[in-house]
Amino acid sequence: MDEKMKQESGDNSENVQIGGNVNIGVTAAEARQIAIDVFKANFYTFSEKAAKKALERAEELTDEFIAKFYVKIPELESKLQEPSVQSSMFNTQKEYAKSGDSELKEQLLNILIERINSEERSLKQIVLDEVLTILPKLTKEQINVMTLIFSAVYINHNTIVNIPTFIEFIENRILVFYPNTPPSYSFYTHLQFTGCCTILSEGSSYKPLEQIFKVRYKALISKGFTEEELNQEFRDDKNRLAPLLMKCFQNPIALQFNPLNDEVFNSKIDELDLGEIGKKALNFQNKNLLNDQEIKEFMIKCNPRIEKLLTDWKEKDFKTIRPTSVGLAIAIMNYNRVTKENIAFETFI
């Protein structure tokens with residue numbers, strides 16, 4: 001060193017003097033070793049063969065975690081030394097070591113990354129720690145059913161802008177999560193037992209799936225109206241509605257308004273400063289919708305496989321399920337994994 005370096009400090013402090021590069025925290029190799037050491041120190045005592053297999057699985061998961069962590073959130077490496085994080089990491093290793101299920105491994109890793117990327121003692125962190133222990137107690141079908149309910153009831157799929165995108169939604173956002181075999185009653189009571197959902201009491205009100213879609217994707221099920229009907233209803237004010245007009249999806253020779261649902265419609269009313277004329281237009285659109293049977297026929301035409309789901313939704317226990325915060329977190333994780341979307345946990349938890 002060409003120059004002398006001098007430091008002064010107060011009581012109970014620690015100096016760090018740098019003559020070159022310094023790394024404060026843990027390296028990837030150190031983080032891996034910490035995780036493996038924690039696993040070895042805490043996992044159950046097995047026979048030699050079982051212990052070897054468990055360690056191999058723990059190392060496999062740890063290697064994938066380290067790779068994913070240093071790509072996604074390397075700035076949080078200091079958290080890897082936190083006891084709470086090491087406990088979450090151990091739970092993840094433990095569950096995969098017991099099963100060796102590759103799909104479960106992917107799910108656990110996704111949840112673990114989200115858990116580390118959450119504020120300590122936040123609701124998100126507490127829920128995701130719970131998910132790490134509950135996820136291995138669920139079947140693939142149970143996870144998918146919660147995801148189906150989440151996709152159908154909890155998300156507004158604003159990417160649906162026409163009938164082709166609605167068809168794609170039914171196939172890849174709904175039916176992809178629909179189990180081939182109708183679930184039994186214990187299927188749902190086990191979900192309740194694990195804390196993933198509550199089950200509505202008998203006689204509770206619910207909406208058929210076609211009514212749910214009617215509210216969310218109203219523009220797709222408009223019967224439309226003629227130019228003459230528009231003139232009669234709005235007269236000179238019709239010109240103010242021009243930005244909202246389009247050819248009708250259900251009847252190409254008719255007209256309709258283009259907002260996807262009432263929420264979007266009201267937003268457009270404010271944006272275009274339409275006031276009472278806009279509200280009148282919304283009511284006019286709502287008077288010209290397909291009825292429930294026509295909506296059902298339209299959905300079956302889009303994808304015949306949905307007919308069974310529409311029936312099961314009415315007759316089976318789908319309609320009774322209300323996911324808890326833990327159930328929603330599991331559904332969001334699975335939805336993002338399957339669709340490659342990135343729904344934020346914070347939006348629903």
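Residues numbered from 1 in each chain as written. Predicted model: local features only at pLDDT ≥ 70, side-chain atom pairs only at ≥ 80, totals over all residues. Heavy atoms only, no water.

Draft legend 1. Inspection of the packing of aromatic side chains at higher detail. In total, this model carries 22 aromatic pairs according to the counting rule given. For the pair Phe-257 and Phe-265, a centre-to-centre distance of 5.7 Å together with 70° between the ring planes defines the contact as edge-to-face. The buried category is assigned to Phe-257, whose relative accessible area is 0%. Phe-265 gets classed as buried once you look at its relative accessible area, which sits at 2%. (Phe/Tyr/Trp six-rings, centres within 6.5 Å; stacked < 30°, edge-to-face > 60°. Buried < 20%, exposed > 50% of the residue type's maximum accessible area, 1.4 Å probe, protein only.)

Draft legend 2. Looking closely at the confidence of the model for the chain. Across the chain, pLDDT averages 88, with 91% of residues at or above 70. Ignoring residues within four places in sequence, the model shows residues 1-5, a span with pLDDT below 50, making three contacts including any to other chains. Taken together, the stretch residues 12-24 has pLDDT below 50 and engages in ten contacts with residues farther than four places along the chain or on a different chain. (pLDDT = per-residue confidence, 0-100. Contact = heavy atoms within 4.5 Å.)

Draft legend 3. Seen up close, the side chain of Asn-261. Within the secondary structure, Asn-261 is located in the loop between strand 3 (255-257) and helix 11 (262-271). Filtering out sequence-adjacent residues up to four positions away, Asn-261 remains in contact with Val-215, Arg-216 and Lys-218. (Helix = DSSP H or I, 4+ residues; strand = E, 2+ residues; numbered from the N terminus.)

Draft legend 4. Structural view of the nonpolar core. Ranked by internal contacts, the top residues of the largest apolar core, which has 79 residues, are Phe-65, Phe-166, Phe-213, Leu-309, Trp-313 and Ile-330. Contacts of Trp-313, omitting those with residues within four sequence positions, involve Leu-148, Ile-149, Ala-152, Val-153, Tyr-206, Lys-207, Pro-208, Leu-209, Ile-212, Phe-318 and Lys-319. Within the second largest apolar cluster, 14 residues are counted, among which are Phe-225, Leu-230, Phe-257 and Phe-265. (Core = buried A, V, L, I, M, F, W, Y, C linked by side-chain atoms within 4.5 Å.)

Draft legend 5. Local environment of the pattern of salt bridges. Using the criterion set out here, one finds 23 salt bridges in the structure. Ionic pairing is found between Glu-60 and Lys-105, a salt bridge with its closest N-O pair at 2.5 Å. Of this pair, Glu-60 sits in helix 2 (residues 48-72) while Lys-105 sits in helix 4 (residues 102-116), and the two are 45 residues apart along the sequence. Its relative accessible area of 8% is what places Lys-105 among the buried residues. Glu-103 is the partner of Lys-140 in a salt bridge, and the nearest nitrogen-oxygen pair spans 4.0 Å. Placement of the pair is Lys-140 in helix 6 (residues 140-154) and Glu-103 in helix 4, with a sequence separation of 37 residues. On the basis of relative accessibility, which here comes to 48%, the residue Lys-140 falls in the partly exposed class. We classify Glu-103 as partly exposed; its relative accessible area is 26%. Residues participating in the shared-partner salt-bridge network are Lys-79, Arg-115, Glu-120 and Asp-129. (Salt bridge = Lys/Arg side-chain N within 4 Å of Asp/Glu carboxyl O.)

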